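Examining the three-dimensional arrangement
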Amino acid sequence: TPRISCNRKCRIRGDFFMEKRNIRAKGKSTEGNKNTGRKSEDSRQKKAVIVGCAAAIAAGMVLLTILSVAMSAGKVPIWAVKGIGLILGCLLACIGAFFCARHAKQNGFFLGMLCAGILFAAGMLGSLAIGETPGFWALVKLFSMLLCGCLCGSIGVNLKQRKKGF
């Protein structure tokens, strides 16, 4: 038998072990990719919630400005403010949930509920800051905002996008 030099044996043996290391490394990288994919999915959902809440807050600022101008002009009676606030809160929850669901492209029900809860908490903190005490009306507003957020989040996810062209 021809004698193989040590250099060739080592090269053959090294390639064999190098292949095993590469296979193990590939297995580890796919596990790492699963975790990385989960992290990117979570960050995408966080960004979606931020986008949805920011859109709702921007729309709320515009709508509240219009409401305050109408109230100062005497066009809106004082007794209607609580009802208008409920409608406005539900509208903002719908806007936030819809934009959140469109951005996330999944989990519209839960992300819509989360956006609505965040918006309610922001509104509740604002009302507590001016000295208003929460009552039964706040509970009604909470449940109506959560319901609107869930519904609009589900609609936002399931709404088909128009194809460009025709």
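Here the structure is a predicted model, which is why all the values come from computation and not from measurement.

1. Here's the deal with the layout of surface pockets
In this structure, the largest pocket occupies an estimated 840 Å³ of space. If you go around the largest pocket, you meet 30 residues; those closest to its centre are Gly85, Gly123, Met124, Ser127 and Lys141. Elements that contribute at least two residues to the lining of the largest pocket include exactly helix H1 (6-72), helix H2 (81-104), helix H3 (108-129) and helix H4 (136-158). Taken together, the residues of the lining of the largest pocket sort by class into 19 nonpolar, eight polar and three charged.

2. Quick look at the packing of H2 against H4
Between two packed helices, both the angle of their axes relative to each other and the distance between the axes serve to describe the pair. Between H2 and H4, the shortest axis-to-axis distance is 7 Å and the interhelical angle comes to 30°. On the basis of their axis angle, the class for H2 and H4 is roughly parallel. Relative to H4, the crossing made by H2 is right-handed. Only Trp137, Val140, Lys141, Ser144, Met145, Cys148, Gly149, Cys152, Gly153, Gly156 and Val157 of H4 make contact with H2, whose side of the interface consists of Lys82, Gly83, Gly85, Leu86, Gly89, Cys90, Ala93, Cys94, Ala97, Phe98, Ala101 and Arg102.

3. Considerations on the environment of phenylalanine 120
Within the fold, phenylalanine 120 resides in helix H3. For the pair phenylalanine 120 and alanine 138, spaced 18 residues apart in sequence, the C-alpha to C-alpha distance is 9.1 Å. The residues contacting phenylalanine 120, other than those within four sequence positions of it, are Ala138, Lys141, Leu142 and Met145.

Basis of the calculations
- Residue numbers run consecutively from 1 along every chain, following the written order of its sequence.
- At least 70 in pLDDT is required for a residue's local features to be given in this predicted model, at least 80 for side-chain atom pairs to be given and counted, and no such filter applies to totals for whole chains, interfaces and linings, which use all residues.
- For side-chain calculations, the full set of non-hydrogen atoms in the structure is used, while hydrogens and water are omitted.
- A pocket here means an open set of points on a 1 Å grid, computed over the protein atoms alone, that has protein on both sides within 12 Å along at least five of seven lines. A cavity is instead a set of points where a 1.4 Å probe fits but cannot get out; residues with an atom within 4 Å of a point line either one.
- Grid points are joined across faces, edges and corners, and a volume is the space filled by probe spheres set on the points.
- Numbering of helices and strands starts at the N terminus; helices are DSSP runs of H or I of at least 4 residues and strands are runs of E of at least 2.
- Just so you know the grouping, Ala, Val, Leu, Ile, Met, Phe, Trp, Tyr, Cys and Pro go in nonpolar, Asp, Glu, Lys and Arg go in charged, and all remaining residues, Gly too, go in polar.
- Where helices are involved, their axes are fitted lines through C-alpha atoms of the stretch in contact, as for all axes, and angles between N-to-C directions lie from 0 to 180°.
- For classification purposes, an angle smaller than 35 degrees is called roughly parallel, one larger than 145 roughly antiparallel, one from 65 to 115 roughly perpendicular, and anything else oblique.
- It is the rotation of the near helix from the far one that decides the hand of a crossing: anticlockwise by less than a right angle makes it left-handed, clockwise makes it right-handed.
- In what follows, residue pairs with any heavy atoms lying within 4.5 Å of each other are defined as contacts.

Such coordinate-based values are descriptive only and should not be taken to indicate function.
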